[in-house]
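What follows is each chain in one-letter form.
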Amino acid sequence: MSTSGILNRWVAQTWPVALMVVLLSLQSACLGWHAYRSSPVHDEFGHFFAGLAYWKYGDVQLFNVNPPLIRGLGTFPASRSPLLNDLDRTDWEPPDRPEFLAGRRLFLQHPNDFQSTLFQGRLLVSVFALVGTVVCYLWGRDLSNHIGGLCAAILWAFQPQVLSHGSLITNDVPVAVMMVASAYLFTKWIQSRTIIHAAGLAVAFGIALICKFTALLLVPLFAMWILITTRTNQWKATLYQSGVCLAICWLIVCLPYRFAGVLQPLGEHEFFSDTLSPEGEPVPSLTGNRFRGTLLANLPTLVPAQYLLGLDRQQYDFDRGLSSYAWGSNHSRSWWWFYLYSMMVKLPVGTWLAIGVGLVATVRRFQHFDQSIALAATSAMLILFVISVKSGIGQQVRYVIPAYPFLFVSVANAFSDRETISRRTHAISNLMRGLAIFGCLLSVSASMRVAPDWMPFFNQAVGGSSQGFRYLYNDATDWEQSRYDMEDWLHQHPGDRPAFLVTDTLARDEWARSDTTASVQMTSVLPAIPDGDCWLIVSQTSLSLRSDEKWLWHQTPVDSIHGAYLVYKVSGQECRENLNAILEMRRVPEEDSPQ
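If you're wondering where the values come from, they're calculated on a predicted model, not measured in any experiment.

Conventions and cut-offs
- Residues numbered from 1 in each chain as written.
- Predicted model: local features only at pLDDT ≥ 70, side-chain atom pairs only at ≥ 80, totals over all residues.
- Heavy atoms only, no water.
- Helix = DSSP H or I, 4+ residues; strand = E, 2+ residues; numbered from the N terminus.
- Buried < 20%, exposed > 50% of the residue type's maximum accessible area, 1.4 Å probe, protein only.
- Contact = heavy atoms within 4.5 Å.
- Areas by Shrake-Rupley, 256 points an atom, 1.4 Å probe, with all protein chains shown as cover.
- Salt bridge = Lys/Arg side-chain N within 4 Å of Asp/Glu carboxyl O.
- Pairing = 2+ DSSP bridges.
- Phe/Tyr/Trp six-rings, centres within 6.5 Å; stacked < 30°, edge-to-face > 60°.
- Lys NZ or Arg CZ within 6 Å of the ring centre and 35° of its normal.
- Axes fitted to C-alpha atoms, helices over the stretch in contact; angles between N-to-C directions.
- Parallel < 35°, antiparallel > 145°, perpendicular 65-115°, else oblique.
- Left-handed = near helix turned anticlockwise from the far one by under 90°.
- Nonpolar A, V, L, I, M, F, W, Y, C, P; charged D, E, K, R; others polar.
- Expected span 1.5 Å × (residues − 1).
- Core = buried A, V, L, I, M, F, W, Y, C linked by side-chain atoms within 4.5 Å.

**Considerations on the overall build of the protein chain**
Thinking step 1. Across its full length, the protein chain holds 23 helices and seven strands.
Thinking step 2. Out of the 595 residues in the protein chain, the part that is buried amounts to 57%.
Thinking step 3. A fraction of 78% describes how many contacts in the protein chain between residues 6 or more apart in sequence connect residues 24 or more apart.
Thinking step 4. Total accessible area computed for the protein chain in this model is approximately 24,400 Å², and 62% of it derives from carbon and sulfur atoms.

Have a look at this one:
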């Protein structure tokens, strides 16, 4: 082979690897940037305290609505710090959730140690997001070619919700990554039926199961796929390898719980949810067990007790419902369309263009049935269906993230050239590939324009980040991630006084006791509003939830504090006429200085 031929072959083999290295480096920088500059978000207070309790006491009951892997990993740096020595046990009874208040208290007592070790833990957890980029590339490449794989990887790597939630100590991005990794390895095992692929699948799926309970959705899907695809002469090997896979998954699930409660009779557990409690129970202070007194009461449970009780506690939340908000409406429960709606407003327009092209390409390829294509499409549909049916909670937009990698992988179908096509379909395919690439570039552009404020991102079709309060709240707008940014803004604008902070996301006692590096002390009583102009610094979440702040919807903010807070300049008379006894409203001192 000539020198030029060898060089061309080398370039053809290495350019995808080089681009992936660049992509992963850029994604790492973005994840680290967001992890460093974000203050603790609401759920991280609970994860942090529960994680430290796990390291100090082996406690798996706190925050048992999620398995302990992510909070344990995220608090590993903190477990080697003085914070662990100051951790005290809390007295509580289920279904209370004391970890959130206890975590806030720990932050107030040790703000610097808390923030520094939180940042280190965030970096550990953000590795999952990087793994997700690699898996999307590999699966997309297998479905089409290197370009298709790169498009899938880019859509995942620069997705605003992935960059924001992937750099926090929360479970949604890790479980999404391990679910798509499990599904990818499952397709490899289905095609090969080898013990090596079965073991790899078992490890990935076991990790997924101790990231978050959402991963359990893949169990019936995998079982159905085995029944459909296994030929008669494959059953012996398939059953043996499936048994090995289940054993490894079981060990991985039980290890973090130290096997506590494994083989405990089903009738001995105390449940809270309507699903597992007798009809008519429970009331908030009581528990029950619908299996007690039945033939199933003595059936040993194969999973740790707190794994089962965590599932029950999560179902209890779905049963009773939590306050939900969408499109300007508040409700005690969610709506079946909530997560589809949240995707419509949160995903960049370019991402929707690429997904649309991918769905069309997937339908076109179904005539050439491919197990890998079908599994990716079915997984996405199953996740979206189940979270839509579970309509008790409509405030956690991040719950839809596990569907994203499957949707992004489907975009790679637009780049497939495996089947023979006519000149006309060849032109259509080229158009679809061009649109998919254009969608990826648009998505990256939209994400980078708001960097590093990815959490409150909304697409331009609905007005962008500053209009987010009209559509969603909580982890979609202000989830307490911009506490330090707001304090910095107050210090940088000393002439914008009198200023009032209006927020529902921070507890009143937290502000009174705050001792962060750039803390601004604020009164916790309803202040007297002067006659002249004043500045209102309003949380987007507060704008969504407080009916007496709707008058601000028609005002134009003079500034935005990283998308989480909007700043309005209004007259004192307008404030007095429209803001009624807001306990969360505090006046910022005329002269403030860091402590």
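**Some thoughts on the pattern of salt bridges**
Thinking step 1. For the coordinates displayed, the defined rule picks out 14 salt bridges.
Thinking step 2. Arg398 is the salt-bridge partner of Asp43, the closest N and O atoms lying 2.7 Å from each other. Here Arg398 lies in the loop between helix 17 (371–389) and helix 18 (404–411) and Asp43 lies in helix 2 (residues 42–57), a separation of 355 residues in the sequence.
Thinking step 3. In this structure, the salt-bridge partner of Arg398 is Asp172, at a minimum N-O distance of 3.0 Å. One end of the pair, Arg398, is in the loop between helix 17 and helix 18; the other, Asp172, is in helix 10 (residues 172–192), and 226 residues separate them in sequence.

**Focus on the pairing of strand 3 (residues 499–502)**
Thinking step 1. Burial of the side chains of strand 3 extends over both faces: Ala499 and Leu501 are buried on one face and Phe500 and Val502 on the other.
Thinking step 2. Where strand 3 and strand 4 (residues 533–539) come together, four bridges link them in parallel fashion. Bridge pairing in strand 4 places Val502 opposite Val538.

**Quick notes on the packing of aromatic side chains**
Where two aromatic rings form a pair, the distance of their centres and the angle of their planes describe that pair.
Thinking step 1. In this structure the tally under the stated criterion is 27 aromatic pairs.
Thinking step 2. Considering the side-chain rings of Phe45 and Phe114, the 6.0 Å spacing of their centres and the 40° angle between planes classify their relative orientation as tilted. On the criterion of sequence distance, the pair formed by Phe45 in helix 2 and Phe114 in helix 6 (residues 111–125) is long-range, its members being 69 residues apart. Comparing Phe45 with Phe114 shows no difference in burial state: the two are buried.
Thinking step 3. Centroid distance Phe338 to Tyr339: 5.0 Å. Interplanar angle 90°. Geometry classified as edge-to-face.
Thinking step 4. Linked through ring pairs, Phe45, Phe48, Phe107 and Phe114 together constitute an aromatic cluster.
Thinking step 5. Stacked on the ring of Phe63, the Lys or Arg Arg97 has its end atom at 4.8 Å from the ring centre.

**Describing the pairing of strand 6 (residues 565–571)**
Thinking step 1. Of all seven residues making up strand 6, five are buried, and the element is well covered by its neighbours.
Thinking step 2. Looking at chain direction, strand 4 and strand 6 are connected through seven bridges and run antiparallel. Each residue of the ladder has a partner; that of Trp535, found in strand 6, is Lys569.
Thinking step 3. Inspection of the sheet shows strand 5 (residues 559–561) paired to strand 6 by three bridges, in the antiparallel sense. Residue pairing in the sheet places Ser560 in a bridge with Leu566 of strand 6.
Thinking step 4. Following strand 5, the chain reverses through three residues before pairing antiparallel with strand 6; His562 in that reversal takes a positive phi of roughly 55°.

**Some details on the environment of Met179**
Thinking step 1. As for its position among the elements, Met179 is in helix 10.
Thinking step 2. We classify Met179 as buried; its relative accessible area is 0%.
Thinking step 3. Distance from Met179 to Lys212, taken between C-alpha atoms, is 9.9 Å for residues 33 residues apart in sequence.
Thinking step 4. Sequence-distant contacts of Met179, defined by excluding residues within four places in its chain, comprise Ala208, Thr214, Ala215, Leu218, Ile383, Pro402 and Phe406.

**Details of the packing of helix 11 (residues 195–209) against helix 13 (residues 235–254)**
Thinking step 1. At a minimum axis separation of 8 Å, helix 11 and helix 13 run at an interaxial angle of 30°. Classified by the interaxial angle, the pair formed by helix 11 and helix 13 is roughly parallel. The interaxial crossing formed by helix 11 with helix 13 has right-handed handedness. Seen from helix 11, the contacting residues are Ile195, Ala198, Ala199, Leu201, Ala202, Val203, Phe205, Gly206, Ile207 and Leu209; seen from helix 13, they are Tyr240, Gln241, Val244, Cys245, Ile248, Cys249, Ile252 and Val253.
Thinking step 2. Counted by class, the contact of helix 11 with helix 13 contains 16 nonpolar, two polar and no charged residues.

**Points about helix 17**
Thinking step 1. Between its terminal C-alpha atoms helix 17 stretches 26 Å, which fits the 27 Å expected from 19 residues at 1.5 Å a residue.
Thinking step 2. When helix 17 is considered as a whole, its buried residues turn out to be Ser372, Ile373, Ala374, Leu375, Ala376, Ala377, Ser379, Ala380, Ile383, Leu384, Ile387 and Ser388.
Thinking step 3. Packing partners of the buried residues in helix 17 comprise helix 7 (127–143), helix 10, helix 12 (218–229), helix 15 (338–346), helix 16 (349–365) and helix 18.

**Looking at the nonpolar core**
Thinking step 1. Within the largest apolar cluster, 130 residues are counted, with the highest numbers of intra-cluster contacts made by Trp139, Trp156, Phe186, Phe205 and Leu472.
Thinking step 2. If you tally residues by element for this core, the top one is helix 10, at 13 residues.
Thinking step 3. The residues touching Phe186, leaving out its near neighbours within four places in the chain, are Leu201, Phe222, Trp225, Ile226 and Leu375.
Thinking step 4. Membership of the second largest hydrophobic core comes to 18 residues, among which are Tyr473, Phe500, Leu566 and Val570.

Spatial relationships are all this shows, so hold off on functional conclusions.
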